[in-house]
Amino acid sequence: MVAFALNSVFARLALLDGAIDEASYTSVRIIAGAVALALLIIVSRKQTLRTVIKGGNWISAAALFAYAVTLSFAYVGVETGLGALILFACVQATMIGWALYKGDRPIAPEWFGLIVAFGAFAWLVSPGLEAPDPFSAFLMGLSGVAWGIYSLRGRSTSDPLLATAGNFVLAVPMSLAVSLLFFSQINMTAFGLALAVASGALTSGLGYALWYRVLPQIGATQGAIVQLTVPVIAGFGGLLFAAEPFTARFIIASILILGGVGIAIIAKTKRI
């Protein structure tokens, strides 16, 4: 969870003061993740790059790319913890919405938790003195939806690590296309480049690999509950490294959103 939260911290630090442009950050992050995961597969399993590529899926790679590029452009105008909270809420909304579409019928405590969570989310992004930039919040919401889609598609894979490596590799040309589109705005410092590489290779690539290794041992429900800590950790990271204060709006919304989702997850566990 620290690795996931650091993705938000690294992006905010790199983009806040213009250490790197949004398109370059996306491309470097995806390329670094692709290299790290591909090497992990090739070295540990004695596989070829062709095997890694075949392990990916173009639709999943597109969802991964959409998550990464919208997150990069969103973090120009959204604080670290707030961005992670919007991202997390939209990931959960996407996955819960899909479950409802597939026929899942929540019981009263689940509905209560969901109503509290998404009511608080609506209040969080509504216009006001402490509200985030609307367009940046919208982009972060799209990023959460894309990651939710990617997560849903990843549930059916028999080899999550290989699939993740393949998807990162397939997402490389998509990210390079965006960099080409914004070629005139390329700006890259050593600090920004280092943060992008660290986010891609360590907190994204290896972080996802570690998560997929741990998740089967703790179960999906416990995994979902543990993820509730990510926005809080990211918020503290923003406080420590970017001097971003915890506003009353963020604190109250965090308690309501994370608490509501937690209630829904626990209630569903008891129902099942």
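Q: Now, about the overall build of the protein chain: what can you tell me, with residues and values included?
A: For the protein chain, the count of helices and strands is 12 helices and zero strands. Of the regular secondary structure in the protein chain, the N- to C-terminal order runs α-α-α-α-α-α-α-α-α-α-α-α. Its C-alpha radius of gyration of 18 Å places the protein chain within 12% of the 19 Å reference for a compact globule of 272 residues. In terms of its C-alpha atoms, the protein chain occupies a principal-axis envelope of roughly 50 × 40 × 30 Å. The proportion of buried residues among the 272 residues of the protein chain is 50%. Across the protein chain, the fraction of contacts at a sequence separation of at least 24, relative to all contacts at a separation of at least 6, is 88%. Only carbon and sulfur atoms are counted for the fraction: they give 72% of the accessible area of the protein chain, which is about 12700 Å². Positive and negative side-chain charges in the protein chain, numbering 15 and 10 respectively, have mean positions lying 18 Å apart.

Q: Tell me about the pattern of salt bridges, and name the residues and values.
A: Taken as a whole, this structure holds one salt bridge when the rule is applied. Notably, a salt bridge pairs Asp-159 with Arg-45, separated by 2.5 Å at the nearest N-O pair. A residue pair is termed long-range when its members are at least 10 positions apart, and Asp-159 in the loop between helix H7 (134–154) and helix H8 (160–181) and Arg-45 in helix H2 (residues 22–45) qualify at 114 residues. Under the relative-accessibility criterion, Asp-159 is labelled partly exposed at 22%. Since its relative accessible area comes to 33%, Arg-45 is described here as partly exposed.

Q: Hey, could you go over the side chain of Ser-199 for me, with residue numbers and the actual values?
A: Looking at the secondary structure, you find Ser-199 in helix H9 (residues 190–218). The class for Ser-199 is buried, based on a relative accessible area of 0%. One polar contact links Ser-199 to Arg-29, side chain to side chain, over a distance of 3.2 Å. With residues near it in sequence (within four places) discarded, Ser-199 still touches Asn-7, Phe-10, Tyr-25, Arg-29, Ser-204 and Gly-205.

Criteria and cut-off values
Residues numbered from 1 in each chain as written. Predicted model: local features only at pLDDT ≥ 70, side-chain atom pairs only at ≥ 80, totals over all residues. Heavy atoms only, no water. Helix = DSSP H or I, 4+ residues; strand = E, 2+ residues; numbered from the N terminus. Rg over C-alpha atoms; globule rule 2.2 N^0.38 Å. Buried < 20%, exposed > 50% of the residue type's maximum accessible area, 1.4 Å probe, protein only. Contact = heavy atoms within 4.5 Å. Areas by Shrake-Rupley, 256 points an atom, 1.4 Å probe, with all protein chains shown as cover. Lys, Arg positive; Asp, Glu negative; His and termini not counted. Charge placed at Lys NZ, Arg CZ, Asp CG, Glu CD. Salt bridge = Lys/Arg side-chain N within 4 Å of Asp/Glu carboxyl O. Polar contact = N/O pair within 3.5 Å; in protein donor to acceptor, adjacent residues only side chain to side chain.

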